[in-house]
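Structural features, examined
If you want the building blocks of each chain, they are given just below.
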Amino acid sequence: MREANPVFRDEAWDKVFFTRYEDVAALLKDRRLGRSILHVLSREELGWPPPDPRQADFDRFQSKVFMDWEPPDHTRIRSLVSKVFTPKRVEGLRPRLEAAALRLIETIGGGGPADFVRQVAEPLPVSMISDLLGVPEEGRDQLRPWSAAIVKMYELGFTDEDQAAASRAAREFMDYIGRLASERRQHPQDDLISGLVQVEEAGERLTADELQATCIFLLNAGHEASVNGASLGLWSLFRNPGQWTRLARASATQDGAELIRSAVEEMLRYETPLPMFERWVLEDCDYRGIHLARGSEVALLYISGNRDPRRFDQPDEMDVTRSDNLHLTFGLGTHYCLGAPLARLELQVLFRALAGRLPNLQPAGEAEFNQGFVIRGLRSLPVAA
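Quick look at the structure, then. (Residues numbered from 1 in each chain as written. Predicted model: local features only at pLDDT ≥ 70, side-chain atom pairs only at ≥ 80, totals over all residues. Heavy atoms only, no water.)

A short note on the sheet that holds strand S9 (residues 362-363)
Quick note on the threshold: Whether two strands pair comes down to DSSP finding at least two bridges between them. To qualify as a helix, a DSSP run of H or I must reach at least 4 residues; to qualify as a strand, a run of E must reach at least 2; elements of each kind are numbered from the N terminus.
Taken together, three strands build an open sheet; the order of strands is S4-S12-S9 and the sheet is antiparallel. Unpaired on one side and paired on the other, strand S4 (114-115) and S9 mark the two borders of the sheet. Relative to strand S12 (residues 382-384), S4 runs antiparallel, the two sharing two bridges. Bridge assignment links Ala114 to a residue of S12, and that residue is Val383.

What about the packing of helix H14 (residues 256-270) against helix H16 (residues 340-357)?
Our working definition: Helix axes are fitted only over the stretch in contact, all axes being lines through C-alpha atoms; the angle between N-to-C directions runs from 0 to 180 degrees. Angle categories are assigned with fixed cut-offs, so that under 35 degrees is roughly parallel, over 145 is roughly antiparallel, 65 to 115 is roughly perpendicular, and the rest are oblique. A crossing counts as left-handed when the near helix is turned anticlockwise from the far one by less than a right angle, and as right-handed when that turn is clockwise. Should any heavy atoms of two residues lie within 4.5 Å, those residues are considered in contact. Each residue is assigned to one of three groups, with Ala, Val, Leu, Ile, Met, Phe, Trp, Tyr, Cys and Pro labelled nonpolar, Asp, Glu, Lys and Arg labelled charged, and all others, Gly among them, labelled polar.
It is the contact of H14 with H16, at a shortest axis distance of 9 Å, that shows an interaxial angle of 120°. In this view, H14 runs oblique relative to H16, as classed from their interaxial angle. Between H14 and H16 the crossing geometry is right-handed. Contacts between H14 and H16 pair Gly256, Ala257, Ile260, Arg261, Val264, Glu265, Met267 and Leu268 from the former with Arg344, Leu347, Gln348, Phe351 and Arg352 from the latter. Along the lines of polarity and charge, the residues of the contact of H14 with H16 split into seven nonpolar, two polar and four charged.

A word on the pattern of salt bridges
Once their charged atoms are close, side chains differing in charge can pair, the charge on each being opposite to the other. Heads up, the rule is: Salt-bridge detection follows one rule: a side-chain nitrogen of Lys or Arg within 4 Å of a carboxyl oxygen of Asp or Glu. A simple rule labels every residue: compare its accessible area, found with a 1.4 Å probe on the protein chains alone, to the largest value its type can have, and call it buried under 20%, exposed over 50%, or partly exposed in between.
According to the stated counting rule, one finds 35 salt bridges in the structure shown. The closest approach of N and O atoms between Arg35 and Asp68, which form a salt bridge, is 2.7 Å. Of this pair, Arg35 sits in the loop between strand S3 (33-34) and helix H2 (43-46) while Asp68 is found in the loop between helix H3 (56-62) and helix H4 (73-84), placing the two residues 33 residues apart along the sequence. Take Arg35 and Asp68: they sit in the same class, and that class is buried. Among the ionic pairs, Arg144 bridges to Glu122, the shortest N-O distance being 3.0 Å. Placement of Arg144 in helix H9 (residues 143-151) and of Glu122 in the loop between helix H7 (116-121) and helix H8 (123-133) is noted, with a sequence separation of 22 residues between them.

Written out as structure tokens, the structure is:
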């Protein structure tokens, strides 16, 4: 498709798809497109049905996710969050992250079959984001089920049961974060929730709903990207054993840290955890001679752009030493992923520990994919050390 039909309209989806890196990158930075449309057109103008009361609590949460907003509202919230969610705060997680990674790796290092997804990839980011937010240990078991229920609404063809579960999870999660925020208002701690309660800029503060939705978004987005990035990354290394051997040999050397950094970027390019993002057309416009009508949607295929030979040399080969690797996985432009530094840190620490502690790690069965199209990853990855 990149060669013969790089831009096409799918009538069933009613979207225009873009498959080439250059087009996806350009449209991500094009301000004529946006993550939301209801600030430009009403539901009636779009021909949408009235809001479904069965997902009222999910809609309440989703309406406050600032990453789906456009400037100036997006800028206001992102500026406030960025004052608290700083590179220094993320880097401060490194010691706990290294200890947690080693502890989890021990659970798969006994020689017998183990599930990398369930035992390592899933619990690690939940632990780290919980530490970052300040979620107490006794509340953490609820976070993964809540997140899993909510993100099903971003997929195609969700069921009535999915809809009800997502709305229930959003309500319970919002209420839980609200209670934590009230506690931190009275008794601040060194965590993100305390910081978000207190942060102010030019007289602006986060509302209660904005704070709750932001915390949930950080958990959901950071968790899904890290779990799927880790599971797809290890699966890719297993399918390219020379690359895994190279990583294992270098893990203890002086150059090991740099190789781990480039390897993580290559994993995120080679198998994209978030294959597709959509954008709304905010105004009638033409792009490369293609008319895009206001109120229509475009689908940007990150997974295709990340394998575009016009941008990457030998893109279907995995090369952990690849240096020119500006992949699309975290997006570009105004809505570039806020949690990218944390996801990168988690993956770098995890794979350095894996390569160093379990250099003979190998697959112990067939990987099982989830059924996601928008969010892509593994349900299980059997391994043996």
